[in-house]
Amino acid sequence: SGAFRLREKMNALYITFIGASAFLWFSIYGYLFFLWVKACRKPRPLPKLSECPQIALVIPTLNEEGLILTKLKDLENSDYPSCRINVLVVDGGSADRTVEHVKREIDSGKNIRLVCVDKSSGKSDQIRNAFQLIQEEIAVVTDTDSVFEPSCIGELVSRIRPAQQGPVGGRR
């Protein structure tokens, strides 16, 4: 009777071990299989824009002297028509030469507006101030350290425009 009970307990442990192993195996390799299938699917084609709407591109800054010129240069590589992009740099009280660099770009004829928020309580405050100033129906907010693919803005706009959806976010 004691040997029989021991054998029953061993069988229960064996079945539990096999079940737990199968669960772990399927959770790891099943997830990888799911990702592989998803990656192999054809992406949905982008809707074609009959016209490119005017957009606001908001760049909140605070002591971004080393990055702001690179970001403004990055925007020039966009395949979205530059005449349809209104760049708004919102400075939160930089102590470095960020504002000076932006003013120099404005003086060189670039389509950039600079707004200085003296007592900014952070990036969200700067973005809120920017949204009070823009009139475009679509706004794209980007950091100075983000790098856009040339087609990024056009893809965002084409995804938003047909459905008239709300906010869309991305992260590199």
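Keep in mind it's a predicted model, so treat the numbers as computed, not measured. (Residues numbered from 1 in each chain as written. Predicted model: local features only at pLDDT ≥ 70, side-chain atom pairs only at ≥ 80, totals over all residues. Heavy atoms only, no water.)

### Observations concerning the packing of helix 2 (residues 68-76) against helix 3 (residues 98-107)
Interaxial distance between helix 2 and helix 3 falls to 9 Å at its minimum, and their mutual angle equals 35°. Along the contact surface, helix 2 presents Ile68, Leu69 and Leu72, while helix 3 presents Thr98, His101, Val102 and Glu105. Its residues assigned to classes, the contact of helix 2 with helix 3 shows four nonpolar, two polar and one charged. (Axes fitted to C-alpha atoms, helices over the stretch in contact; angles between N-to-C directions. Helix = DSSP H or I, 4+ residues; strand = E, 2+ residues; numbered from the N terminus. Contact = heavy atoms within 4.5 Å. Nonpolar A, V, L, I, M, F, W, Y, C, P; charged D, E, K, R; others polar.)

### Details of helix 2
When we look at burial in helix 2, the residues that qualify are Ile68, Lys71, Leu72, Asp74 and Leu75. Taken down its axis, helix 2 places every buried residue within 155° of arc, on the same side. Residues of helix 2 that are exposed and point over 90 degrees away from its buried face: Thr70 and Lys73. (Buried < 20%, exposed > 50% of the residue type's maximum accessible area, 1.4 Å probe, protein only. Arc of directions from axis to C-beta.)

### What to know about a nonpolar patch on the surface
On the surface, Trp25, Phe26, Ile28, Tyr29, Tyr31, Leu32, Phe34 and Leu35 cluster together into a nonpolar patch covering about 890 Å² of accessible area. Secondary-structure assignment places tyrosine 29 in helix 1 (residues 2-40). When its relative accessible area of 44% is taken as the criterion, tyrosine 29 is described as partly exposed. (Patch = residues over 30% accessible without salt bridge, like charges linked within 9 Å, V, L, I, M, F, W, Y side chains within 5 Å. Areas by Shrake-Rupley, 256 points an atom, 1.4 Å probe, with all protein chains shown as cover. Salt bridge = Lys/Arg side-chain N within 4 Å of Asp/Glu carboxyl O.)

### Quick word on the nonpolar core
Counting 18 residues, the largest nonpolar core has Ile55, Leu57, Ile59, Val87 and Ile153 as its most contacted members. Counting only elements with at least two residues in this core, the list comes to strand 1 (55-61), helix 2, strand 2 (85-91), strand 4 (138-141) and helix 5 (152-160). Not counting chain neighbours up to four residues away, the residues in contact with leucine 57 comprise Leu75, Ile85, Asn86, Val87, Leu88, Val140, Thr142, Phe148 and Ile153. Formed by eight residues, the second largest nonpolar core is a distinct cluster that contains Val90, Val115, Val117 and Ala130. (Core = buried A, V, L, I, M, F, W, Y, C linked by side-chain atoms within 4.5 Å.)

### What to know about the sheet that holds strand 2
Strands in a sheet are paired, the pairing made by backbone hydrogen bonds, and the direction either parallel or antiparallel. Pairing within the open sheet is parallel, and its four strands lie in the order 3-2-1-4. On the outer flanks of this sheet lie strand 3 (112-116) and strand 4, each paired with one strand and no other. Strand after strand, the sheet turns through a mean of 25° between neighbouring axes, direction not considered. Sheet analysis places strand 2 next to strand 3, joined by five bridges and oriented parallel. Pairing of leucine 88 across the sheet is with arginine 113, part of strand 3. Strands in contact with helix 3 are strand 1, strand 2 and strand 3; relative to strand 3, the strand with the most contacts, it is inclined by about 150°. (Pairing = 2+ DSSP bridges.)

### A look at the pairing of strand 4
Two faces, one strand: in a regular strand the side chains alternate between the faces of the sheet. Side-chain alternation along strand 4 places Ile138 and Val140 on a buried face and Ala139 and Val141 on a face that remains uncovered. Direction of pairing for strand 1 relative to strand 4: parallel, over a ladder of four bridges. Within strand 4, the position partnered with valine 58 by the bridge is valine 141.

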